[in-house]
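Observations on the model geometry
Single-letter residue listing:
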Amino acid sequence: MEFLKTHFLSIFFLLGIIWVGKVIYTQLKYKKNGVPIEALVIDHKVESGNYFPVYQFDYEGQTLTVDGYNGTKSNADLGQKVTIYYLPGNAKGVFRESDLGIKAWEIALIVVALAYIILDFTLRH
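Now for a look at the structure at hand. (Residues numbered from 1 in each chain as written. Predicted model: local features only at pLDDT ≥ 70, side-chain atom pairs only at ≥ 80, totals over all residues. Heavy atoms only, no water.)

1. Here's the deal with the side chain of Arg96
As for its position among the elements, Arg96 is in strand β5 (residues 95-96). You can call Arg96 buried: its relative accessible area is 11%. Here Asp99 takes part through its side chain, which lies 2.9 Å from a polar atom of the side chain of Arg96. Setting aside chain neighbours within four positions, we find Arg96 in contact with Pro53, Tyr55, Asn70, Gly71, Thr72, Asp77, Thr83 and Ile84. (Helix = DSSP H or I, 4+ residues; strand = E, 2+ residues; numbered from the N terminus. Buried < 20%, exposed > 50% of the residue type's maximum accessible area, 1.4 Å probe, protein only. Polar contact = N/O pair within 3.5 Å; in protein donor to acceptor, adjacent residues only side chain to side chain. Contact = heavy atoms within 4.5 Å.)

2. Some remarks on the packing of helix α2 (residues 8-33) against helix α3 (residues 104-123)
Geometry of a packed helix pair, given as the angle between the helix axes and the separation of the axes. At their nearest, the axes of α2 and α3 sit 9 Å apart, and the two run at 150° to each other. Accordingly, the angle class assigned to the pair α2 and α3 is roughly antiparallel. The element α2 and its partner α3 pack so that their crossing is left-handed. Contacts between α2 and α3 involve Leu9, Ser10, Phe13, Leu14, Gly16, Ile17, Trp19, Val20, Val23, Ile24 and Gln27 from the former and Trp105, Glu106, Leu109, Ile110, Ala113, Leu114, Tyr116, Ile117, Asp120 and Phe121 from the latter. Counted by class, the contact of α2 with α3 contains 16 nonpolar, three polar and two charged residues. (Axes fitted to C-alpha atoms, helices over the stretch in contact; angles between N-to-C directions. Parallel < 35°, antiparallel > 145°, perpendicular 65-115°, else oblique. Left-handed = near helix turned anticlockwise from the far one by under 90°. Nonpolar A, V, L, I, M, F, W, Y, C, P; charged D, E, K, R; others polar.)

3. A few points about the sheet that holds strand β4 (residues 81-86)
Strands sit in the order β3-β2-β1-β4-β5 across an open sheet of five strands; the sheet is antiparallel. The open sheet has two free edges, formed respectively by β3 (62-67) and β5, since each of these has just one partner strand. As paired strands, β4 and β5 are joined by two bridges and run antiparallel to one another. What sits directly across from Ile84, in β5, is Arg96. (Pairing = 2+ DSSP bridges.)

4. What about α3?
In this model α3 runs 28 Å from its N-terminal to its C-terminal C-alpha over 20 residues, within 8% of the 28 Å that 1.5 Å per residue would give. On its buried side, α3 packs onto α1 (2-6) and α2. (Expected span 1.5 Å × (residues − 1).)

5. Focus: the pattern of salt bridges
With the rule as written, the count across this model stands at three salt bridges. Asp67 is paired through a salt bridge with Lys45; the nearest N and O atoms lie 3.0 Å apart. Taken together, the positions of Asp67 in strand β3 and Lys45 in strand β1 (residues 35-47) put the pair 22 residues apart, joining distant regions of the chain. A salt bridge links Asp77 to Arg96; the shortest N-O distance between them is 4.0 Å. With Asp77 in the loop between β3 and β4 and Arg96 in strand β5, this pair connects stretches of sequence that are 19 residues apart. The exposure class assigned to Asp77 is buried, which follows from its relative accessible area of 12%. (Salt bridge = Lys/Arg side-chain N within 4 Å of Asp/Glu carboxyl O.)

By themselves, these are just geometric observations and shouldn't be taken as functional.
Okay, here's the thing in structure tokens:
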């Protein structure tokens, strides 16, 4: 129990690294295995002040409506056509092409978390 109290932030940062790793893995999976498709933004779902676009597109003769994974602070893209990446058979969500790159905040979080964890375990012992 003392270990958990002493290294609480390191454990928290390690969980953050795992979460960011999962996010990056999902983005890369969509980029590699997803099908790029032109889709129309037909609506938005608002959650916690963020607008998550709802896309409509045709795939193999079917018209599909799927939510986007990444939200924005405005609904300015309503009615626009954008390129999305769709994983065939996955109706949970899609990524816009612009959302598939590794972001600076993801790299920064990993670097800061690793630096803290290394310092925590080297300076406390």
